[in-house]
Every structure is written in structure tokens, then in C-alpha cells.
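Remarks on the overall topology
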Amino acid sequence: MVSINDNYLKLPESYLFSDIKKKVNTFKELHPEAHVISLGIGDVTRPLVPVLIEALHAAVDEMGHTETFRGYGPEQGYRFLQEKIVACDFHARGVDIDADEIFISDGAKSDLGNIGDILSVKNRVAVTDPVYPVYVDTNVMGGRAGVLERDGQHWSHIIYLPCTAGNHFIPELPAERPDIIYLCYPNNPTGTTLSKAELKKWVDYALENDSLILFDAAYEAFIHDENIPHSIYEIENAKKIAIEFRSFSKTAGFTGLRCGYTVVPKELKLYNCSGEKISANKLWNRRQTTKFNGVSYIVQRAAEAIYSPVGRAQIQESIEYYMNNARLLKTALQDRGLQIYGGDNAPYIWVKTPNGLSSWKFFDRLLYECYIVGTPGIGFGPSGEGYFRLTAFGRYEDTIESISRIRNWDL
Ligand code: PLP
């Protein structure tokens, strides 16, 4: 008899996106003539910029010649990409990170899930609420979440840090000490950010309490405001307590190409069961060299191209395209008297549902009255109830059409 990891059975089916799909399909059957626009997806719609296509072609050609062919690469990633990342993402911001602290991956989601491999099942986990569901679900799989409470929303062993309009979406320090704290800024789903001073509070808390911060900076490229930190390492001593996750998915349209990286500082020490300090960098390196064979050479060459002057200009144009969508959507919704959050330094807009509508009720109305699909806030956690997420990743034409429908909406 082969036993399974029973924790997997604790996970309820992920109903959110299948429920959305079902509702949209029903609507389409009833209204085959309606042009439904999706502003619910977290995927990009713009194609890869030319500099990436050139880099991909050049790398493909290299693979066809004996002299330039590449087989297995370093599990941690090629030096050419690690060095570009260090220079452009960190040194340029006055942050001292070493190339050996950068681990290139096939995207942030894998690393956010896999990081649990090096962390004890006994650790207590805290998440902001609402939250990117991967943090919670991977801890359920890893046995750190306890059991699902009767409300079907909370896990008994997870500490929830509510983020609502009531606290301006700034999580309060926990009353109970967590070992591991997930922070995601700019935030998915709320589109809100933390200032340096606010982030410093968390770094100081983690330093005082020997906690580990897992900092997800997947949307860092969308920050416009100069006072908002792009990296947790902009805060003094953060290298002692934080691991940072980055992704090229939204920054440069790599959702299909797949590439990102994780920073595991050498200064970060964790503890073994005897209380001895262990290097997180060495542990993660051991994990990666054993279980991962690196990202393809071709994709890493494309990622490198993002950092060239032309590459930077081209991806910035795409980012501006999405942020222009965000601005237009935000203004239209505000003009209709809705309370809107996010959308300034992130491609997500977090709408307070009007008149106390539940997030699903708002979903139904937006679908049936405007033919627009978004994501109900409750799908991101209990504190998401009463909110709704729209994304700026749609096509400009669809965003403009949505706005015209919202402007004429009998709210
Ligand atoms: N982190 C957050 C907060 C996200 O919203 C997403 C994707 O939507 C990811 C990570 C996953 O990124 P990747 O495509 O690099 O796996």
C-alpha cells in the first residue's frame, strides 16, 4: 500500500476560477450576442518586445553549432544573467547583493512553493489577507496550515493579517509571533504598496523576533512612486531575515517563457533542531542542485536582454501601456462614485463593492449589466469579501470599451 501526503486532501477544490468560468459560460449561453471582456485574468496580453525575440533567435542559432551549443547549465543560473541582475536590480539601487545570492528559476510561483522544502513543518506561518493563494495552499500541502475552520475560509494554524480600507491596507504587526511571514508588495490582489518606513517595521519585527520574511516582489517593475522600495533589501539589515522572489512574468511578458529569480542572502541564518545557525543560502543551493537543473540557456539569454538599454526602454513601454489602462479604469470607476484602491504602483485595481454588495453579487452585476468579468475579492481570503479585483493587463481597446460600459452603467 502506498500512502499519500494526506495534507493534499485537506485542500478544497480551487473553486474560484472554475466558478467564474461556469458563470461566464452560462451568461454566454443566455446572451450569445454579448461581447464579454475579461479584466479578471492575471496574465499579460502584449507580445514579447523585439529585443527579446532577437535574443531568443540568436540563442537558438548558438544551440545549432558545436562550438556554441550548451547542455546542462549551472543550476543556479548562468553568470551572465546573475551579474546583470545584481548590477541593474540591486547595485543600481544602492543594494549590495552578490551574484552567488541570486538563484535563477522558472518563475516565482515554483520557488514560492519550493521554499517550504528547506523549512520545518513546525514553523508558524503568517499571511496578509487577502493574499495570493499560492502561499496558503503550499503551506497546507507542507503540513503547516492545520485544518480548515468551519467557515471554510481560515486555516487553524495560519496567522491572518487583515488588510482592508480600515487600516489602509497596511497589515498590523501580529499579536502572536509567526516564524515565517509572507509579504507581497506591490500587492496582488489589492494593488497597494508599503512605504520604506512601513516595510522597515516588518524588518525590525523579524530581526527582534527571529522571524523569516518571504518577500514577493513580482510586481516591482510597476512602481512609479520614488518613495516605495523595490526590494526589501533597501531596508537596513533585511539580508539577515528575508528571502526575495522576483519574476520576469509581468515585468517583461515571460508568463509563457518562464523565468524569475530568488535572492537568498548569505547573511541569512536559520536554525537546525539543536539551535545551531545554518546558512539559508547553502541550504537552498543544496535543494536546487539536487532537485532542479536550471532554466534553459535560450530563456536566460532573453532575460539578459531585458537589462540592455534598448530592452529596458521596450519593456518600460509595455509597462506604461498597462499602467495607462490602470489609470483609465481607475478614473472611470472613481467617476462613478466607487471607492478604488491600488492601480498607481501595481497593475491591479481593488474596488470596494457599493451598497454592501458581496463580492460575488458584484461579480454577477458587472457580468450581466456590463458584460465585464473580474475576480471576486473573497477568492483571495476572508478579508477580500466586499471587494473586487480588476486587472490592467487587458488590451487597451477592451479597457476603453469596458470604461464606456461602466460610464453608462445604471449602478
Ligand atoms: N507572485 C505573485 C504575487 C503573483 O501574482 C504571481 C502571478 O500571478 C506570481 C508570483 C507568479 O509569478 P511567475 O509567473 O513568475 O511564476
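Residues numbered from 1 in each chain as written. Predicted model: local features only at pLDDT ≥ 70, side-chain atom pairs only at ≥ 80, totals over all residues. Heavy atoms only, no water.

1. Quick word on the site of the ligand
Applied cut-off: One heavy atom within 4 Å of a molecule or strand makes the whole residue count as near it. Pairs of N or O atoms within 3.5 Å make up the polar contacts considered here, provided that, within protein, one atom can donate a hydrogen while the other can accept it, and that residues adjacent in sequence are counted only when both atoms are side-chain atoms. Segments assigned H or I by DSSP are reported as helices when at least four residues long, segments assigned E as strands when at least two residues long, and all are numbered from the N terminus.
Of all residues adjacent to the ligand, which total 15 residues, the nearest are A108, D216, Y219, S247 and S249. With respect to the ligand, the side chain of N188 contributes an N or O atom lying 2.8 Å from an oxygen atom. R258 has a polar side-chain atom sitting 2.8 Å from an oxygen atom of the ligand. Those elements that place two or more of their residues in the shell around the ligand are α5 (108-114) and α8 (249-252). Examining the composition of the shell around the ligand, we find that three residues originate from one element, α5, more than from any other.

2. Some words on the packing of aromatic side chains
Using the following cut-off: Stacked, edge-to-face and tilted labels apply to pairs of Phe, Tyr and Trp rings (six-membered ring for Trp) whose centres lie within 6.5 Å, assigned for plane angles under 30 degrees, over 60, and everything in between, in that order. Classification of residues uses two cut-offs on accessible area relative to the type maximum, computed with a 1.4 Å probe and protein chains only: under 20% is buried, over 50% is exposed, and between them is partly exposed.
A complete count under the given rule lists 27 aromatic pairs for this structure. Centre to centre, the rings of F169 and Y387 are 5.9 Å apart; their planes meet at 75°, and the pair counts as edge-to-face. Here F169 is found in the loop between β4 (158-162) and β5 (180-184), whereas its partner Y387 is found in strand β15 (residues 387-391), with 218 residues between them in sequence. Considered together, F169 and Y387 belong to a single accessibility category, that of buried residues. Measuring from ring centre to ring centre gives 5.0 Å for Y322 and F393, while their planes differ by 75°; the resulting arrangement is edge-to-face.

3. Remarks on the sheet that holds strand β8 (residues 260-263)
Where we set the bar: Strands are labelled as partners when DSSP assigns at least two bridges between them. Orientation is described by lines fitted to C-alpha atoms, with helices fitted over the stretch in contact, and by angles between N-to-C directions that extend from 0 to 180 degrees.
Spatial ordering of the open sheet is given by β2-β8-β7-β6-β5-β3-β4, a layout of seven strands whose pairing is mixed. Each end of this open sheet is capped by a strand with a single partner; those strands are β2 (102-105) and β4. For this sheet, the mean inter-axis angle between neighbouring strands, taken without regard to orientation, is 20°. Of the strand pairs in this sheet, strand β6 (residues 212-216) and strand β7 (residues 242-247) are connected by four bridges, and their pairing is parallel. From the neighbouring strand, F215 faces β7, where its bridge partner is E244.

4. Examining the nonpolar core
This is how the line gets drawn: The criterion is simple. A nonpolar core is a set of buried Ala, Val, Leu, Ile, Met, Phe, Trp, Tyr and Cys residues joined through side-chain atoms within 4.5 Å. Each domain span listed reflects an automatic or database assignment of domains. What makes two residues a contact is simply this: any of their non-hydrogen atoms within 4.5 Å.
Counting 61 residues, the largest nonpolar core has I213 and F254 as the members making the most contacts within it. For this core, the element with the highest residue contribution is helix α4 (residues 79-90), accounting for six residues. When residues of this core are assigned to domains, at least three map to each of domain 1 (10-47 + 310-407) and domain 2 (54-308). When near neighbours in sequence (up to four residues on either side) are disregarded, F254 contacts L52, F248, S249, C259, V299, A302, A303 and I306.

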